[in-house]
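Topology and contacts: notes
Here is what each chain is made of, one letter per residue.
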Amino acid sequence: MAAGSERLGPEAWVAAAFPVLAKGGLEAVRVEPLAERLGVTKGSFYWHFKDRRALLDAVLDAWEERATSAIIARVDSKPGTPKERLAVLMSLTTSVGEGASVEHAIRAWGATDAGVRRRLTKVDETRQAYVRDLLVGAGLTPARATARARILYLALIGEFTWVSLGGEASGPALWKELYGLLTDE
């Protein structure tokens, strides 16, 4: 083990995997290049993970936590009406960066891996249900809220794909317009 690597926990490996996944996709997430990036030996990796698949599972867990659970918790911690919380949610989720490319890479991965596809389905359902509940709280019927939650979600997936493939982010004016359409404002 390299000097100081005993202080390197599994979370460091997961954190190092995210930018690699964002830039190069699933195939780029490899043990040796990650060890080199972290300045440690492969032995450090195997101290924390059984194999590459265990790392990839940990990456999925971390992605689900930070891109879904943590965002929902952050929005729920804000005071305000459901419409105001929807505005906070849209602000958080439309600030594209590395997250757009990670989201796109995980969706591409899900196209070839049934287990990842199941995780994506669960995340998609959780995210859409959360938006639907905000819209119902804002006064929409459940049917309209469900449709509008899906519209927002598909717009976000399209934005993430667009940006990850080199397109320019849409910017706040577009999202403000969509917010108005979703909330009848």
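Shown above is the structure to which this text applies.
So, here is what we can say about the structure in this document. Keep in mind it's a predicted model, so treat the numbers as computed, not measured.

The rules we used
- Residues numbered from 1 in each chain as written.
- Predicted model: local features only at pLDDT ≥ 70, side-chain atom pairs only at ≥ 80, totals over all residues.
- Heavy atoms only, no water.
- Axes fitted to C-alpha atoms, helices over the stretch in contact; angles between N-to-C directions.
- Helix = DSSP H or I, 4+ residues; strand = E, 2+ residues; numbered from the N terminus.
- Parallel < 35°, antiparallel > 145°, perpendicular 65-115°, else oblique.
- Contact = heavy atoms within 4.5 Å.
- Nonpolar A, V, L, I, M, F, W, Y, C, P; charged D, E, K, R; others polar.
- Salt bridge = Lys/Arg side-chain N within 4 Å of Asp/Glu carboxyl O.
- Buried < 20%, exposed > 50% of the residue type's maximum accessible area, 1.4 Å probe, protein only.
- Core = buried A, V, L, I, M, F, W, Y, C linked by side-chain atoms within 4.5 Å.
- 1 Å grid on protein atoms, 1.4 Å probe; cavity = no way out; pocket = protein on both sides within 12 Å on 5 of 7 lines; lining within 4 Å.
- Points joined across faces, edges and corners; volume = space filled by probe spheres on them.
- Phe/Tyr/Trp six-rings, centres within 6.5 Å; stacked < 30°, edge-to-face > 60°.
- Lys NZ or Arg CZ within 6 Å of the ring centre and 35° of its normal.

**Considering the packing of helix α6 (residues 98–110) against helix α8 (residues 142–164)**
- Put simply, α6 and α8 touch, their axes get as near as 8 Å, and they point 100 degrees apart. What the angle tells us is that α6 and α8 run roughly perpendicular. Residues Ala100, Ser101, Glu103, His104 and Arg107 of α6 touch α8, and the partners they reach there are Tyr153, Ile157, Phe160, Thr161, Val163 and Ser164.
- Class assignment for the residues of the contact of α6 with α8 results in five nonpolar, four polar and two charged.

**Re the packing of helix α1 (residues 10–24) against helix α2 (residues 31–38)**
- For the pair α1 and α2, interaxial distance at closest approach is 10 Å and the crossing angle is 110 degrees. Here α2 runs roughly perpendicular to α1, going by the angle between their axes. Of the residues in α2, those in contact with Ala12, Trp13, Ala16, Ala17, Pro19 and Val20 of α1 are Val31, Leu34, Ala35, Arg37 and Leu38.
- Its residues assigned to classes, the contact of α1 with α2 comprises ten nonpolar, no polar and one charged.

**Brief notes about the pattern of salt bridges**
- Enumeration over the complete set of coordinates arrives at 13 salt bridges.
- Across the pair arginine 30 and glutamate 27 runs a salt bridge whose closest N-O atoms are separated by 2.6 Å.
- Judged by its relative accessible area of 33%, arginine 30 is partly exposed.
- Relative accessible area serves as the criterion here: at 54%, glutamate 27 is assigned to the exposed category.
- For aspartate 61, the salt bridge goes to arginine 119, with nearest N and O atoms at 2.8 Å. Here aspartate 61 is found in helix α4 (residues 52–76), whereas its partner arginine 119 is found in helix α7 (residues 114–137), with 58 residues between them in sequence.

**A few points about the nonpolar core**
- Ranked by size, the top nonpolar core spans 31 residues in total, and within it Trp13, Val29, Leu34, Leu55, Trp63 and Ile106 carry the most contacts.
- Of all hydrophobic cores here, the second largest spans 22 residues; its members include Ile71, Ala100, Ala149 and Leu182.

**Structural notes on the layout of surface pockets**
- In this structure, the largest pocket spans a volume of roughly 530 Å³.
- Ala67, Ile71, Thr93, Arg127 and Phe160 are, among the 27 residues lining the largest pocket, the residues nearest its centre.
- Breaking the lining of the largest pocket down by element, the ones donating at least two residues are α4, α5 (82–93), α6, α7 and α8.
- Residue contributions to the lining of the largest pocket peak at seven residues, all from α4.
- The residue makeup of the lining of the largest pocket, split by class, is 17 nonpolar, five polar and five charged.

**Brief notes about the side chain of glutamine 128**
- Looking at the secondary structure, you find glutamine 128 in helix α7.
- Apart from the residues lying within four places of it in its own chain, the contact partners of glutamine 128 are Ala149, Arg150 and Tyr153.

**Concerning the packing of aromatic side chains**
- Under the definition given, this model contains three aromatic pairs.
- Relative to tyrosine 46, the ring of phenylalanine 45 lies with its centre 4.9 Å away and its plane at 90 degrees, an arrangement referred to as edge-to-face.
- Accessibility expressed as a relative area gives 46% for tyrosine 46, which makes it partly exposed.
- Seen from their ring centres, phenylalanine 45 and phenylalanine 49 are 5.2 Å apart, and the 25 degrees between their planes marks the pair as stacked.
- Given a relative accessible area of 7%, phenylalanine 49 falls into the buried group.
- Linked through ring pairs, Trp13, Phe45, Tyr46 and Phe49 together constitute an aromatic cluster.
- The ring of phenylalanine 18 carries arginine 66 above its face, with NZ or CZ at 3.7 Å from the centroid.

**Regarding unusual backbone geometry**
- Of note, aspartate 184 is a non-glycine position whose phi angle comes to about 60 degrees, a positive value.
- The topology assignment puts aspartate 184 in the segment after α9 (172–183).
- Owing to a relative accessible area of 49%, aspartate 184 belongs among the partly exposed residues under this scheme.

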